[in-house]
Structures are given as C-alpha cells and as structure tokens.
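Listed below are the residues making up each chain.
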Amino acid sequence: MQKGCQIFTDYLRDEDGATAIEYGLIAALIGVGIITGASAMSESVNGMFADVDGDINNAFENP
C-alpha cells in the first residue's frame, strides 16, 4: 500500500502536463490576437487597394 500511495503522490506533484496546457493556452491566445489583428487590418488594406485602383483607372481614362 505504501508504494501505491507514493505513486499517487508523485502523480499529483508532476507538473509536466500543467506546463504543456499553459503553453497551449498561450499559443491559442497568440493565435486569436493574430487573427483579430489581421481581420481589423484587412478592411483598411482593402480600402487602400480600392483607392489605388480608382487612381489608376482615372489616370488611364483622363490622360
């Protein structure tokens, strides 16, 4: 019985799994931040390309 208690105690003290979960959560938060930033920037980038497209079309239509 003594050995079984020692194995259980060692299992409870082992923090390797907790560390892996923490790294997974950090990676997930970084991913969410990247996706949020990219989606916020996409509207301004699309607007910029639309402006450039309009300027190019105007340059060729009115030389």
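Shown above is the structure to which this text applies.
What comes next is a walk through the structure. Predicted model only: the values in this text are computed from it and were never measured. (Residues numbered from 1 in each chain as written. Predicted model: local features only at pLDDT ≥ 70, side-chain atom pairs only at ≥ 80, totals over all residues. Heavy atoms only, no water.)

Considering the overall build of the chain
(1) Moving on: When helices and strands are counted, the chain shows two helices and zero strands.
(2) Moving on: Out of the 63 residues in the chain, the part that is buried amounts to 0%.
(3) Moving on: With the model as given, the accessible surface of the chain reaches about 5800 Å², and the carbon-plus-sulfur share is 65%. (Helix = DSSP H or I, 4+ residues; strand = E, 2+ residues; numbered from the N terminus. Buried < 20%, exposed > 50% of the residue type's maximum accessible area, 1.4 Å probe, protein only. Areas by Shrake-Rupley, 256 points an atom, 1.4 Å probe, with all protein chains shown as cover.)

Topic: a nonpolar patch on the surface
(1) Moving on: On the surface, a nonpolar cluster with roughly 560 Å² of combined accessible area is contributed by Met48, Phe49, Val52, Ile56 and Phe60.
(2) Moving on: Locating Ile56 in the fold gives a position in helix α2 (residues 16-61).
(3) Moving on: The exposure class of Ile56 is partly exposed, given its relative accessible area of 44%. (Patch = residues over 30% accessible without salt bridge, like charges linked within 9 Å, V, L, I, M, F, W, Y side chains within 5 Å. Salt bridge = Lys/Arg side-chain N within 4 Å of Asp/Glu carboxyl O.)

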